[in-house]
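Below are the chains, spelled out letter by letter.
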Amino acid sequence: MANDWKQEETGAQEVLTEQGNQSVSRRRFLKKTAMLGLAAAVPGSLLTLGSALAEEKSEAKDGALGVMASGKPVMASGTIVDVPGVKVGQVQDDKALTGCTVIVLEKGSACGVDVRGSAPGTRETDLLNPINQVQEVNAVVLTGGSAYGLDAASGVMRYMEEQGLGYNVGVGVVPIIPAAVIFDLSLGSAKIRPDQKMGYEAAKIASKEPVQQGNFGAGTGATVGKMAGMKRAMKGGLGSASRRLPNGLVVGAIVAVNAVGEVRLPSTGEILAGARGEDGKIRDSLSWMIDASTPPVPAGTNTTIAVVASNANLNKVQANKIAQMAHNGLAKTIHPVHTMSDGDTIFAIATGGVDASVNLVGTLCVEVLAEAVVNAILAAKSAGGVPAYQDLQ
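Attention here is on the structure that accompanies the text. Values in this document were obtained by computation on a predicted structure and should not be read as measured data.

So, about the overall build of the chain. Scanning the chain from terminus to terminus reveals nine helices and 16 strands. Classification of the 393 residues of the chain by burial places 54% in the buried group. The contacts of the chain with a sequence gap of at least 6 include a subset with a gap of at least 24, amounting to 77%.

Written out as structure tokens, the structure is:
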């Protein structure tokens, strides 16, 4: 078996024209051959052999794979504002530990949604169904405050109306503002939630500046690893990442990570944040579930919500498919995901400008969203007595 693998490895080196006695690990071999296979499967793909090798060489520097050569996780580069036509504004209350994140679209954009969690809190998701009339949205709101936080979307709507942006109904415009919430009432103050004022301010300050990550916006009061209750939880947060291809296609993601499960690093399986045992060490969620001594997690007290965006030329039907595909980014990083206690929701936005297939955009969204989830955990700081990943290093 070892000899067979050695022959495969040698063959891979020849295909990739790597000279000398360079060593290629199994993981890198699989990565290279996967890139070659994708390039062959997609006509005119820019995922060439050269880009595969370049990505490998930059692995430790840009953190795109979420881990350095030393094994220490690093944050992936870029944020969702790298996507043309996308701006982000965030407002938070650092004492009440809640906030909202508004993704503003400079022009109306196609949008789809896919809800997988069993306890969602959403607004204006029905109109994103492909059979319904409205084809574009003006902004998307990710917010804390549970169902109360949906009020923030009304503030965004008011700001958009003042700018004359929205669906033309003859006597004025009706801004289309879908929204989703996380439950963060267990941290900070349960009586202070994102409201119209907070949503208005977030929309007003939206910009192309790199998104602040960790304890910002909708991630301010986010926590993860609640399979054994809040007393053993760890800090979640707001994360974002992006990737750019040579043809100008840009894909980005932004996510508020507030899962009942733990967050793992996809490349190694390491649990970055989860439920802590008596000794302070993280135990995986499955072991907590098997251990009948822990009480069940109340429904609707968690949820991970996200937006994936690209500047691809896509319609509403295609955007819905990409939102569906993007959930694999959560599945790669959150265990368990889409539980009865989560309301996991992903919106997919297409601002237009570059021709790209649904398969390519959807696949990239999976990777970028996974990176954004990891970024949220790496950037988070302890709050409300809940420790963060940074505290355990």
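Structure shown, so let's carry the discussion forward.
With that settled, the discussion passes to the pairing of strand β1 (residues 86-93). In the sheet, β1 pairs with strand β2 (residues 98-115) via eight bridges, with the strands oriented antiparallel. From the neighbouring strand, Gly 89 faces β2, where its bridge partner is Val 102. Hairpin remark: β1 followed by β2, antiparallel, with four residues in the connecting loop; positive phi at Leu 97, about 60°.

This paragraph deals with a nonpolar patch on the surface. A cluster of nonpolar side chains, contributed by Tyr 167, Val 169, Val 171 and Val 174, occupies part of the molecular surface with about 360 Å² of accessible area. With respect to the secondary-structure elements, Tyr 167 resides in strand β5 (residues 167-168). Take Tyr 167: its relative accessible area is 34%, and that puts it in the partly exposed class.

For the rest of this paragraph, the subject is the pattern of salt bridges. Applying the stated rule across the entire model yields six salt bridges. Residue Asp 114 is joined to Arg 116 by a salt bridge in which the shortest nitrogen-to-oxygen separation is 2.5 Å. Classification of Asp 114 by relative accessible area gives buried; the value is 14%. For Arg 158, the salt bridge goes to Glu 162, with nearest N and O atoms at 3.9 Å. Of this pair, Arg 158 and Glu 162 are both found in helix α5 (residues 151-162), four residues apart, which corresponds to roughly one turn of the helix. Judged by its relative accessible area of 47%, Glu 162 is partly exposed.

Turning to the environment of Ala 190, a few remarks are in order. Mapped onto the elements of the fold, Ala 190 is located in the loop between β7 (179-181) and α6 (196-204). Sequence separation between Ala 190 and Ser 146 is 44 residues, and the spatial gap between their C-alpha atoms is 9.7 Å.

Along strand β4 (residues 137-143), seven of the seven residues are buried, which leaves the element largely enclosed by surrounding structure. Sheet analysis places β2 next to β4, joined by six bridges and oriented antiparallel. Bridge assignment links Val 104 to a residue of β4, and that residue is Ala 139. As judged from the three bridges shared by β4 and β7, these two strands associate in the parallel manner. When the sheet's bridge partners are listed, Leu 142 is paired in β7 with Ala 180.

Over its 22 residues, helix α9 (residues 358-379) extends 31 Å from the first C-alpha to the last, a length consistent with the 32 Å expected when each residue adds 1.5 Å. With 19 of its 22 residues buried, α9 lies for the most part within the structure.

The first and last C-alpha atoms of α5 sit 18 Å apart over 12 residues, in line with the 16 Å expected at 1.5 Å per residue. Of all the positions in α5, only Ala 152, Ala 153, Gly 155, Val 156, Tyr 159 and Met 160 are classed as buried. In an axial view of α5, the angular spread of the buried residues amounts to 155°, which keeps them on one side of the axis. Considering only its buried residues, α5 is in contact with β2, β3 (122-123), β4, β7 and α6. Looking one or two residues past α5, Gly 164 carries a phi angle of roughly 75°, positive in sign.

Under the criterion given, the structure shown has one aromatic pair. Centre to centre, the rings of Tyr 159 and Tyr 200 are 5.5 Å apart; their planes meet at 85°, and the pair counts as edge-to-face. One end of the pair, Tyr 159, is in helix α5; the other, Tyr 200, is in helix α6, with 41 residues separating them in the sequence. By relative accessible area, Tyr 200 is classed as buried at 14%. The positively charged end of Arg 193 is found above the aromatic ring belonging to Tyr 148, 3.7 Å away from the centroid. Over the ring of Trp 288 we find Arg 283, and its NZ or CZ is 4.0 Å from the ring centre.

What follows covers the sheet that holds strand β15 (residues 334-335). A sheet is described by the order of its strands in space; here three strands give the open sequence β13-β12-β15, paired in antiparallel fashion. If you trace the sheet from one side to the other, it starts and ends with β13 (271-273) and β15, each paired once. Of the strand pairs in this sheet, strand β12 (residues 262-264) and β15 are connected by two bridges, and their pairing is antiparallel. Each bridged residue has a counterpart across the sheet, and for Val 263 the counterpart in β15 is Ile 334. Relative to the sheet, α9 contacts β12, β13 and β15, its axis offset from that of β13 by approximately 55°.

A few words on the side chain of Gln 213. Looking at where Gln 213 falls in the secondary structure, it is placed in the loop between α6 and β8 (223-224). Within the structure, the side chain of Gln 213 is placed 2.9 Å from the backbone nitrogen of Ser 240, a separation counted as a polar contact. Look past the residues within four positions of Gln 213 in its chain and what remains in contact with it is Met 75, Thr 79, Leu 238, Gly 239, Ser 240, Asn 375 and Ala 379.

Attention now moves to the packing of α5 against α6. The packing of two helices is summarised by the inter-axis angle and the distance between the axes. Relative orientation of the contacting elements α5 and α6 amounts to 45°, with a least axis distance of 6 Å. Classed by the angle they form, the pair α5 and α6 counts as oblique. Viewed along their axes, α5 and α6 form a crossing whose handedness is right-handed. Contacts between α5 and α6 involve Asp 151, Ala 152, Ser 154, Gly 155, Val 156, Arg 158, Tyr 159 and Glu 162 from the former and Gln 196, Gly 199, Tyr 200, Ala 203 and Lys 204 from the latter. In the contact of α5 with α6, the residues fall into five nonpolar, four polar and four charged.

About the thresholds
Residues numbered from 1 in each chain as written. Predicted model: local features only at pLDDT ≥ 70, side-chain atom pairs only at ≥ 80, totals over all residues. Heavy atoms only, no water. Helix = DSSP H or I, 4+ residues; strand = E, 2+ residues; numbered from the N terminus. Buried < 20%, exposed > 50% of the residue type's maximum accessible area, 1.4 Å probe, protein only. Contact = heavy atoms within 4.5 Å. Pairing = 2+ DSSP bridges. Patch = residues over 30% accessible without salt bridge, like charges linked within 9 Å, V, L, I, M, F, W, Y side chains within 5 Å. Areas by Shrake-Rupley, 256 points an atom, 1.4 Å probe, with all protein chains shown as cover. Salt bridge = Lys/Arg side-chain N within 4 Å of Asp/Glu carboxyl O. Expected span 1.5 Å × (residues − 1). Arc of directions from axis to C-beta. Phe/Tyr/Trp six-rings, centres within 6.5 Å; stacked < 30°, edge-to-face > 60°. Lys NZ or Arg CZ within 6 Å of the ring centre and 35° of its normal. Axes fitted to C-alpha atoms, helices over the stretch in contact; angles between N-to-C directions. Polar contact = N/O pair within 3.5 Å; in protein donor to acceptor, adjacent residues only side chain to side chain. Parallel < 35°, antiparallel > 145°, perpendicular 65-115°, else oblique. Left-handed = near helix turned anticlockwise from the far one by under 90°. Nonpolar A, V, L, I, M, F, W, Y, C, P; charged D, E, K, R; others polar.

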